[in-house]
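Below are the chains, spelled out letter by letter.
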Amino acid sequence: MDQSKKLAKNNVLTSNEAIVIYIIIGLCLVIGLVNNSFFSVGTVVDTARAMLTMLMFALCEMIVIVSGGIDVSFPAFASFAMYFTSKLMIDNGWDGVLLAFVISGLVGLALGVLNAFLVGTFKIPTLIATLGTSSLINGALLSFVGVNEITNLPAQMDSMSKAYLFQVDLGNKISSMSVFIILPVVLCVVVWFLMKYTMLGRAIYAIGGDQNSARRAGFNVVKTQYFIYMFVGAIVGITGMTYTLLARNSNPNNLMGSEMLVIAAVVIGGARITGGHGSVLGTILGVALLSIVQNNLIILGVPTYWQTFVIGMLIIIGCMITSIKAKRVALSPKI
């Protein structure tokens, strides 16, 4: 019993999540030594705000990666959903934040059905399918919208950008926590419960590990895939509208290109590209690490273009750690 407890403790201390925590602590200490103001409530608030939409995207991507796929279409889907919804509401004289979220979520859901149809019914590899749908939607936006953006949002939607849970007065500036931080918090709880305590979550892990084995175990692979991409599409649509409300404008080009950073955060958090492994906690930590890197390396005098190098290095290290741990598990004696 003592030996098993010792092994369990070692596994926790050397888990991917623990390693990311060590890196975050080390990076924070280095930045804090250079700039003492880093250790403040304001930094926590600003980092959490910077993580808001990225974390929602990352949770969706984590589900797809756990199922054995890679989704690169979510920036295009979010951009289309938020622009279409904003244009629809302005043209019809509609207003209301809840209505905006519902419409944007439904648009994302419809686009998610397209991914589900290609992946679940036609068995097209997820990366290829989502690359195609991303190019399709992005091309449509460039053709019909171009560089135009919507800045005159309806009154209620515009006012929500100034809705805060609380504000922290730091003397030289005020750090504000948007009320929309509730959305990723709720989503974290929902996804955690889904993946850990439901048969649907077990099915997602199972098909990510081996689809044939999942079928033999009684899981309906196609129905599970349809749920994944429809659920992800709806959340992506809601995330796009969240971005619009925070930015107080709807620019269909702002989110494009963010897929690599989001995938990086999920991989750094311990999800395996091969599928079958990933956690909500790891995803949160991966997003936190990249947010700290993006927003604070400038304090260390690191030029912006070197941040890409650092992020690439973190991706490689994250993949190496998960690969090494997978090999150790495979080679460990079965009791």
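Everything that follows concerns the structure shown earlier in this document.
Along each chain, residue indices are assigned from 1 in the same order as the chain's sequence is written. Confidence filtering applies because this is a predicted model: local features only for residues at pLDDT of at least 70, side-chain atom pairs given and counted only at 80 or more, and all residues used for totals across whole chains, interfaces and linings. The side-chain values count all of the structure's non-hydrogen atoms but skip hydrogen atoms and water molecules.

A.B. asks: Would you explain the pairing of strand 1 (residues 164-169) in this entry?
C.D. replies: Whether two strands pair comes down to DSSP finding at least two bridges between them. Strands here are runs of E lasting at least two residues and helices are runs of H or I lasting at least four, both read from the DSSP assignment and numbered beginning at the N terminus. Here strand 1 pairs with strand 2 (residues 174-178) via 5 bridges, running antiparallel. Each bridged residue has a counterpart across the sheet, and for V168 the counterpart in strand 2 is S175. What sits between strand 1 and strand 2 in their antiparallel hairpin is a turn of 4 residues, with G171 showing a positive phi close to 95°.

A.B. asks: Can you help me understand helix 9 (residues 199-209) in this one?
C.D. replies: Per-residue accessibility, obtained with a 1.4 Å probe over protein chains only, is compared with the maximum for each type, and a residue is labelled buried under 20%, exposed over 50%, and partly exposed between these values. Three or more residues of helix 9 are buried, namely G201, A203, I204, I207 and G208. The buried residues of helix 9 occupy an angular sector of 160° when projected down its axis, which confines them to one face. Exposed residues on helix 9 whose side chains face more than 90 degrees from its buried face are M199 and G209. Close packing links the buried residues of helix 9 with helix 3 (41-66), helix 8 (182-197), helix 10 (211-216) and helix 11 (221-247). The arc under discussion is defined with respect to the helix axis, by the directions toward the C-beta atoms. Any two residues whose heavy atoms approach within 4.5 Å at even a single point are treated as in contact.

A.B. asks: For this particular structure, what's the right way to read the environment of V262?
C.D. replies: Topologically, V262 is positioned in helix 12 (residues 259-268). Taking relative accessible area as the criterion, V262 reaches 3% and is therefore assigned buried. Spatially, the C-alpha atom of V262 lies 9.7 Å from that of C60, the residues being 202 residues apart in sequence. Among residues more than four places away in sequence, those in contact with V262 are M54, F57, A58, E61 and F74.

A.B. asks: Whenever I open this one, the nonpolar core confuses me. Can you help?
C.D. replies: One broad trend across soluble globular proteins is that nonpolar side chains are buried collectively. Within the largest apolar cluster, 94 residues are counted, with the highest numbers of intra-cluster contacts made by I24, V191, I228, V236, L289, L290 and V293. Apart from residues no more than four positions distant in its own chain, I228 is found in contact with I63, V64, S67, I204 and I207. For our purposes a nonpolar core is just a set of buried Ala, Val, Leu, Ile, Met, Phe, Trp, Tyr and Cys residues, chained together by side-chain atoms within 4.5 Å.

A.B. asks: What should I look at first to understand the packing of aromatic side chains in this one?
C.D. replies: Two numbers describe a pair of aromatic rings. These are the distance of the centres and the angle of the planes. Each pair of aromatic rings taken from Phe, Tyr and Trp, with Trp reduced to its six-membered ring, is defined by centres within 6.5 Å and is described as stacked if the planes are under 30 degrees apart, edge-to-face if over 60, and tilted in the remaining cases. Summed over all chains, the structure comprises 8 aromatic pairs. Summarising the aromatic geometry, the rings of F57 and F74 are spaced 5.1 Å apart at their centres and angled 40° between planes, so their arrangement reads as tilted. With F57 in helix 3 and F74 in helix 4 (residues 74-92), the pair connects residues that are 17 residues apart, well separated along the chain. Overall, F57 belongs to the buried group, its relative accessible area being 3%. Exposure remark for F74: the relative accessible area of 2% places this residue in the buried category. An aromatic cluster is defined as three or more aromatic residues linked by ring pairs; in this entry it consists of W192, F193 and Y197.

A.B. asks: Where do I start with the environment of V119 in this structure?
C.D. replies: When you line up the elements, V119 lands in helix 5 (residues 97-121). Setting aside chain neighbours within four positions, we find V119 in contact with I124, T126, A129, Q225 and Y229.

A.B. asks: Looking at this model, I keep getting lost on the pattern of salt bridges. Mind explaining?
C.D. replies: A side chain with one charge can pair with a side chain of the opposite charge if their charged atoms come near. One side-chain nitrogen of Lys or Arg within 4 Å of one carboxyl oxygen of Asp or Glu is enough to make a salt bridge. This model, assessed by the stated rule, comprises 2 salt bridges. Close ionic contact of K87 with D91 constitutes a salt bridge, the shortest N to O distance being 3.0 Å. Of the two residues, K87 and D91 both sit in helix 4, 4 residues apart, roughly one turn of that helix. Residue K87 is classed as partly exposed on the basis of its relative accessible area, which comes to 36%. For D91, a relative accessible area of 53% translates into the label exposed. R248 is the partner of D158 in a salt bridge, and the nearest nitrogen-oxygen pair spans 3.1 Å. Here the residue D158 occupies a position in helix 7 (residues 155-159), and R248 occupies one in the loop between helix 11 and helix 12, the gap between them amounting to 90 residues. Assessed through its relative accessible area of 34%, R248 is described here as partly exposed.

A.B. asks: I keep staring at the packing of helix 4 against helix 11 and nothing clicks. Help me out?
C.D. replies: Helix-helix packing is described using two parameters, namely the angle between the two axes and the distance between the axes. Between the N-to-C directions of two axes lies an angle of 0 to 180 degrees, each axis being a line fitted to C-alpha atoms and, for a helix, fitted only over the stretch in contact. Orientation of helix 4 relative to helix 11, taken along the N-to-C sense of each, is 60°, at an axis distance of 8 Å. What the angle tells us is that helix 4 and helix 11 run oblique. Here helix 4 and helix 11 pass one another in a crossing that is right-handed. Contacts between helix 4 and helix 11 involve F74, F77, A78, A81, M82, T85 and S86 from the former and V236, G237, G240, M241, Y243 and T244 from the latter. Residues are grouped as follows: Ala, Val, Leu, Ile, Met, Phe, Trp, Tyr, Cys and Pro are nonpolar; Asp, Glu, Lys and Arg are charged; every other residue, Gly included, is polar. Taken together, the residues that form the contact of helix 4 with helix 11 break down as 8 nonpolar, 5 polar and no charged. Should an angle fall under 35 degrees it is taken as roughly parallel, and over 145 as roughly antiparallel, whereas 65 to 115 is taken as roughly perpendicular and any remaining angle as oblique. Handedness of a crossing follows from how the near helix is turned relative to the far one, being left-handed for an anticlockwise turn of less than a right angle and right-handed for a clockwise one.

A.B. asks: What's the story with helix 5 in this structure? I'm lost.
C.D. replies: Every α-helical turn comprises 3.6 residues, leaving residues that sit three or four positions apart pointing alike. Multiplying one less than the number of residues by 1.5 Å gives the expected span of a helix. Here helix 5 contains 25 residues, and its C-alpha end-to-end distance of 35 Å stays within 8% of the 36 Å for a straight helix at 1.5 Å per residue. Where helix 5 terminates, the next one or two residues include K123, which has phi positive at roughly 60°.

A.B. asks: Before we go on, may I ask you to explain unusual backbone geometry in this structure?
C.D. replies: Phi is mostly negative for residues that are not glycine, and the peptide bonds are mostly trans. Positive phi, close to 60°, is recorded for K123, a residue that is not glycine. The residue K123 is located in the loop between helix 5 and helix 6 (126-144) in this model. With a phi angle near 65°, R248 is a residue other than glycine that sits in the positive phi range.

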